[in-house]
Structures are given as structure tokens and as C-alpha cells.
Amino acid sequence: MRAMSTFSETVIDVWNGWEIRVLLLLSLLFQVILIAFGSQRKYSTIIWMRFFVWSAYMSADSVATLALGILARNVGGDSAKRNSNPNISLHLFWTPFLILHLGGPDTITAYNLEDNELWPRHFLGLVVQTAIAFYVFVKSWGDNHLKLIAIPVFIAGIIKYGERTWVLRKSSTENIRSCLLSDPDPGPDYDEVMRKKKKDRNYKPPPPALLPQRYSGSPDDYLYQAYYLFNRLKYLFADLILGYYERKDCYSMISNKSSEEAFELVEGELGLLYDVLYTKATIVYSKYGILLRCSSFFSSVFAMVAFALIDEHPYSPVDISITYLLLVGAIALEVYAFVLVLLSDWTRLWLADHLKPVRIGKMWSRTIFKYNLIKFCLRKQDTMWIRFQKFIGIQELVDKHLYVDCEDIDAELQELIFRILKERSENINSLTDVNECKKLLSYRGDCVLDKMKCLERFKWSTIEVEFDHSLLLWHIATQLCYWDDVKKWTNSPESLNKYSKVSKCLSDYMLYLLVMYPNMLPEGIGQIRYRDTHSEASRFFLQRRREIGTKVEGACHELYEADTDLLEEVKGDETKSVLFYGSRLAKQLQSLESEEDWECGKKWEMINKVWVEMLAYAAVNCGWKEHGQQLRRGGELLTHVCLLMANLGLSEQYRLHKFSIPSAFPTRQHISRLNACILKIF
């Protein structure tokens, strides 16, 4: 018992001696992780990396705060003990580095948009943590000359922590909106004009405001064009309204591009938006930001040189090594951040007048995720590992991620989306009625079906049901039609035309959104309807496990051959499952080939266009906040489609009339002032 007590005391003594060292090293490690991987979120969808960054982001402040508390406890202890142990003085010298770490790297200020909205909490943290550090600093002022060396680092830490709080505030939705609103404009003084008219009948009131500024740069400079469009995107993101001429301007810029070029511009816009929402871009690329970067760098260099010039260190070799590691780490992080600044798109924008026109680099993952209902229902359901997952309540979460496929965005898919949206935008530019505009944006398959004279036959699966209901119906039908055609025409799916493959891809992608991010789709009971459909499909395939095994084509064949004549009589409204209704829809689609002027290619062209319409409908009905959230996850195709539609004028956030100018409308003077403010970053 005595030996056990002695061992416990030894462990406690060792931990008391190492706790502040471990916490300091952990804090530095988290900063390295955040600056190295923080910006990777923009164009990476790797789950482990996102978890890595999330863990570091959530832990960094807590570890630094805990370390500050321990230092405050130590400095408030026995002064005689402090003087007898010189290592404690060196530990107190580490205090400014914790404030420096709390300021965070330039590559990530907010993990999600909610962090920007909670900037008052960070401001309170700035006040409290700085006060604690100042208390430690003042309390230990007379100890030794290390405090003089620490002063520049302490000031640099306060500056970086203040930067972080200021950027969070500037990136909040309310602040973005208020910054974009123009000054109140009461318009011409009607009373004064009438008085002058009475005095002089020939008097003419001053002309109206000048038209908004138009793009006048090189058509080959894609980065500058993306920046120009980005200035309009900020109005859309803040839920403000742009004018008639903005619609025409954006449309003229992007309508004459190829699909690849159009998506490249959209990628550039969203990349710049990510920087504004999630990094310190709003201050780093300013004159003040450059000065602050230089002061922080030279402060760390000064502290490094001054510490190295001390003749004799009365401290332990371990603490001296940790101190050098903190100093070298601070300098290295500043140098790395400066290199990132030099290589950034913002710097290339600054040097646009001195460089050749440049193309836009990779600013999102350029991938699309797919989730297949039938494939998911065929998974093994009764293993010990699955039972364990059910026991701890993570089975549904694990299954969702394990059965998600990922592939690169296909050029044919981009070309098809751009062509269909461009055709639709040609119609909206001639509209002057708001209701007609809303109608054009409300199509979710019915427009295509109407053009192909199939609306009466298929409206039960589109406009007569909710969007999530329609999505599930067409997802099931698309899978059944695809594998039925594979079996009918050839044993190899590669021989099917491009429309069938693109349709299957979009079908799986839209179901992925319904399952993983239902908030990005129009409101409804999609989750309930999906769970009921999944439950019925699992039961159906389990009963036929011997015949179909885990083969998707066999499962699709069994479901396609199921009798659907008595669905209304048997199913009624007891369940929200649409499994067999999807089978009925597949049979109706396949029956088109037996009719005159119809063949397999035409059928798949129709299905393809239906999916593009559903994709566009989901895009315009998804809030900009949800789109902004996806930027930190590598981006979503739905977000790019939404912005592409806005650039083509397919948005309700534009005025349809030439002279109906809202208060938030960016006049030429306002845009010039806005651009001047943004260009101060250079």
C-alpha cells in the first residue's frame, strides 16, 4: 500500500513538472496542423483530414487557455519557491506565445459559419485571456530580464488575437450585409424641383444616376473576371438585390464562354468567397495586414536573437530546447504564412497589371458524391460488427459514409448542365414580369416533359407530389431503367449512351444530398420518406437474398418485375415508402420505346434533362448560407450550379425592370468605392 502511494506521488510530481511543457508543445502542434491543413478544406473532401482539422481547431483554444491558467496559478504561488527555481521564470516567459497561438493562423479563423456569428464570444475570450496573460506578465515583472525579451512577442500576440476577432466580426452575415448596403438615397428633392419648375418652366431636373460600372478588363484574364463577378456574389450571399444591368452584365460575361470556362469562373468566385468567410483574407491582404505581419515576424526574430545572446542559461536543457522550439516555430509559421500570401490568388490579382492573364487554379474538390439506395439496401445486415454499431448508436452514421462513392466531375456533365441552363437563361432575359420569372425557376422536370409531350403521363411523379417524393421516385426508376437496358442491349454498361450514365450519376448525387445534407433541398419530409423506402427495400431484397445475393443488377431486375397494379389498394397512406411506385415509373419510362418516334436514346435524353431541371430547382431553392457551409467541405456541385444560374440571370435576386433600382443597388459610384476598399488589400 505504501509502495502504491509512493508510486502515485512520483507520477503526480512528474506530471506537475511536465504539464506546462506538454501543453505548450500541444498548442504549437495544433498551430502547425491548422496552418498546414486549414486551407486544404477548400478543395479536399477527405474525411480524416476534416476530422484532423476539426480536432485541432476545437482543441487549440482549450489547450492554450488551460496552459494560461496553470501559469497564472504558478505565478500566484510562493515567490521564494519561484526565485529558487529559475525554470519557473522561463515558464512564465512562454506566456506571450500562448496569446500568439490563440490568435490562430491566417489559413483558418472560422471552422463553420456559426463561428463568425459568435464573434462576441471570441471578443470576450480576447479580453479575458489577455487580462490573464497581463496578470502573469506583471506579477512576474521583477523576476529577470526575460520579460524585456517577451514584450515584443506579447504585443504581437495581442495583435494576432485581435486580428482573429476582427476578421470573425467582418465575416459575419450581418456585417457583410451592412457593408454592402449603399448610403440612404432619398432621390431627387421633389419639393425643390417643383419650386424651380414654377419659377422657370424650362427647368429640367438633374439626370438619373449613372449606370453601373461594367467589366472592362481582358476577356482572357479569368481570375480578374472571377473577382469582378465575386463583387456581385457578395450581394447575393447577403440576400440583397442586384439590378437589371447587373443581370445583363453578368450574363454577357459568361454566356459566351464554354462550359469549362464558365465553371472555372464560378470556381474562382467561390474560392474568393471561401477566403473571406473562413480565413484572415480581409485583413492579411491589406496595408495594415502587411505591417502587422512584418511586426509579428520581426518580434519573433528579435526574441530569438535576444534569447540566444544570453551568456549563461540557468535553466534546464529541456526548457531551453522547448523555448527555442517555440521561437523557431513562431518564425517558421510566419514565414510559411508569408509564402502562402505570395502564392495566393489575391496577390495575383494585385499583380494583374504586371502579369500575363492567368487561369484560375483548383479552388474546390471537383468531385461529386453518389449514394445509391439499392446498393445500400443490399449490404450485409447481420454481422457482429454491425450489431456493435447498433449497440453504440453509430450504425446509421457509419453506413452513410461507407456506402458513399466519389468520382471526378465529368466534362460531359458540365457541358450538359451549362447548355440547358444557358437555353433557359435566354428566355428569362426577355421577361419583365416577376411571376413569369418565378415560374421559369420553378420547373423541376415538368418543363422537359411538357416539351416532349409526356407531362400528362408523368405529372403524377413530378408536379403532383413534393420534391423529395419526386426525387426518390425518379432515383429508383433511373436505376431500374439503367440496369434493364444493360441487360436488354448488352452485357456491358459502357455501350450505353452518355445520357444514361449522366442520368445515373445525377440520380445518385441528388439522393446523396437528400440523405447527407437534406437542408440543401426544399423543405419536406424527405428523411421520413427515405427511411420508409429504405426499410421496405431492405425487406424486399432480404426475402430474395438467395436469388439476388448482393448484385445490384439482380436486385433491380426483381424490383422491376414486381407487380404494381394494386399499389393504391394495398399500400394506401399507411407508409411514405415510394419503392414500388418507383418501379411503376420505370415500367412507364421503358414502355416509351414501344411508341412511335421513341427509342432508347431519346428516352435517356428526356430522363437526363429531367434530372438537370431537378438539380437546378434544388440549387435555386437552397439558401446561400447552406451553400457557404459546403465550401469548407470541398464544395458541392449544387453550389456551383446555383452560382452559374445566378451569373446567367436565373435568380430572383435581380430586378427585371431597367429603372426599378432598390436601395441596395450598386451604383457606379458605390461600386467604385467598394472596389477601392477591396483593392486596399493590395
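Our subject is the structure that appears above.
None of these values were measured; they are calculated from a predicted model.

Reading guide: rules and limits
- Residues numbered from 1 in each chain as written.
- Predicted model: local features only at pLDDT ≥ 70, side-chain atom pairs only at ≥ 80, totals over all residues.
- Heavy atoms only, no water.
- Buried < 20%, exposed > 50% of the residue type's maximum accessible area, 1.4 Å probe, protein only.
- Helix = DSSP H or I, 4+ residues; strand = E, 2+ residues; numbered from the N terminus.
- Pairing = 2+ DSSP bridges.
- Axes fitted to C-alpha atoms, helices over the stretch in contact; angles between N-to-C directions.
- Parallel < 35°, antiparallel > 145°, perpendicular 65-115°, else oblique.
- Left-handed = near helix turned anticlockwise from the far one by under 90°.
- Contact = heavy atoms within 4.5 Å.
- Nonpolar A, V, L, I, M, F, W, Y, C, P; charged D, E, K, R; others polar.
- Salt bridge = Lys/Arg side-chain N within 4 Å of Asp/Glu carboxyl O.
- Polar contact = N/O pair within 3.5 Å; in protein donor to acceptor, adjacent residues only side chain to side chain.
- Patch = residues over 30% accessible without salt bridge, like charges linked within 9 Å, V, L, I, M, F, W, Y side chains within 5 Å.
- Areas by Shrake-Rupley, 256 points an atom, 1.4 Å probe, with all protein chains shown as cover.

Novice: Mind showing me how you'd approach the pairing of strand β1 (residues 367–371) here?
Specialist: Along any regular strand, the residues point their side chains to alternate faces of the sheet. In terms of burial, β1 is largely enclosed, as 5 of its 5 residues are buried. Residues of β1 alternate between two faces, with Thr-367, Phe-369 and Tyr-371 on one and Ile-368 and Lys-370 on the opposite face, all of them buried. Note: β1 against strand β2 (residues 404–408), 5 bridges, orientation antiparallel. If you follow Tyr-371 over to β2, its bridge partner there is Val-404.

Novice: Got a minute to help me understand the packing of helix α25 (residues 467–489) against helix α31 (residues 579–591) in this structure?
Specialist: Between two packed helices, both the angle of their axes relative to each other and the distance between the axes serve to describe the pair. The geometry of α25 relative to α31 is characterised by a closest axis approach of 8 Å and an angle of 50° between their N-to-C directions. Classified by the angle between their axes, α25 and α31 sit oblique to one another. You can see that α25 and α31 cross each other, and the crossing is right-handed. Contact residues: α25 offers Leu-473, Trp-474, Ile-476, Ala-477, Leu-480, Cys-481, Asp-484, Asp-485 and Lys-488, while α31 offers Leu-579, Tyr-581, Gly-582, Ser-583, Leu-585, Ala-586, Leu-589 and Gln-590. Taken together, the residues that form the contact of α25 with α31 break down as 11 nonpolar, 3 polar and 3 charged.

Novice: I tried to follow the pattern of salt bridges on my own but got confused; where do I start?
Specialist: Oppositely charged side chains are able to pair whenever their charged atoms sit close together. Evaluation of the coordinates by the stated rule reveals 26 salt bridges. The salt bridge involving Asp-249 is made with Arg-232; its shortest N-O contact spans 4.0 Å. Here Arg-232 lies in helix α11 (residues 222–237) and Asp-249 lies in helix α12 (residues 244–254), a separation of 17 residues in the sequence. As far as the burial class goes, Asp-249 and Arg-232 line up, both buried. Between Glu-593 and Lys-603 there is a salt bridge whose closest N-O contact spans 2.8 Å. Taken together, the residues Glu-593 in the loop between α31 and α32 (600–620) and Lys-603 in helix α32 connect sequence positions 10 residues apart. With respect to class, Glu-593 is no different from Lys-603; both count as buried. Where salt bridges share partners, they join Asp-106, Glu-163, Lys-280 and Arg-293 into one cluster.

Novice: Help me understand unusual backbone geometry in this model?
Specialist: Glycine aside, residues mostly have negative phi angles, and peptide bonds mostly take the trans form. Even without glycine at this site, Asp-239 takes up a positive phi of about 60°. Turning to its location among the elements, Asp-239 is positioned in the loop between α11 and α12. With a relative accessible area of 51%, Asp-239 lands in the exposed category. Even without being glycine, Lys-453 reaches a positive phi, approximately 60°. The topology assignment puts Lys-453 in the loop between α23 (446–451) and α24 (455–458). Overall, the relative accessible area of 78% leaves Lys-453 in the exposed class.

Novice: Where do I start with the environment of Met-304 in this structure?
Specialist: Relative to the helices and strands, Met-304 is located in helix α15 (residues 287–308). The exposure class assigned to Met-304 is partly exposed, which follows from its relative accessible area of 22%. In this structure the C-alpha to C-alpha distance between Met-304 and Ala-330, which are 26 residues apart in sequence, comes to 9.6 Å. Here Met-304 is in contact with Tyr-324, Leu-327, Val-328 and Ile-331, once residues within four sequence places are set aside.

Novice: Which parts of the structure should I look at to understand the environment of Asp-249?
Specialist: Residue Asp-249 is classed as buried on the basis of its relative accessible area, which comes to 5%. For the pair Asp-249 and Leu-229, spaced 20 residues apart in sequence, the C-alpha to C-alpha distance is 9.5 Å.

Novice: What is the right way to look at the side chain of Thr-367 in this model?
Specialist: Relative to the elements of secondary structure, Thr-367 occurs in strand β1. According to the relative accessible area criterion, Thr-367 is buried, its value standing at 10%. At a separation of 3.0 Å, a polar atom in the side chain of Thr-367 contacts the side chain of Ser-365. Setting aside residues no more than four positions away along its own chain, Thr-367 makes contact with Thr-45, Cys-406, Glu-407, Asp-408 and Ile-409.

Novice: Help me out: how do you make sense of a nonpolar patch on the surface in this one?
Specialist: Where nonpolar side chains cluster on the molecular surface, the patch consists of Trp-15, Trp-18, Val-22, Leu-26, Leu-29 and Val-318 and spans about 500 Å² of accessible area. For the nonpolar patch, the leading source of residues is helix α1 (residues 2–37), giving 5 residues. Inspection of the secondary structure puts Leu-26 in helix α1. Judged by its relative accessible area of 31%, Leu-26 is partly exposed.

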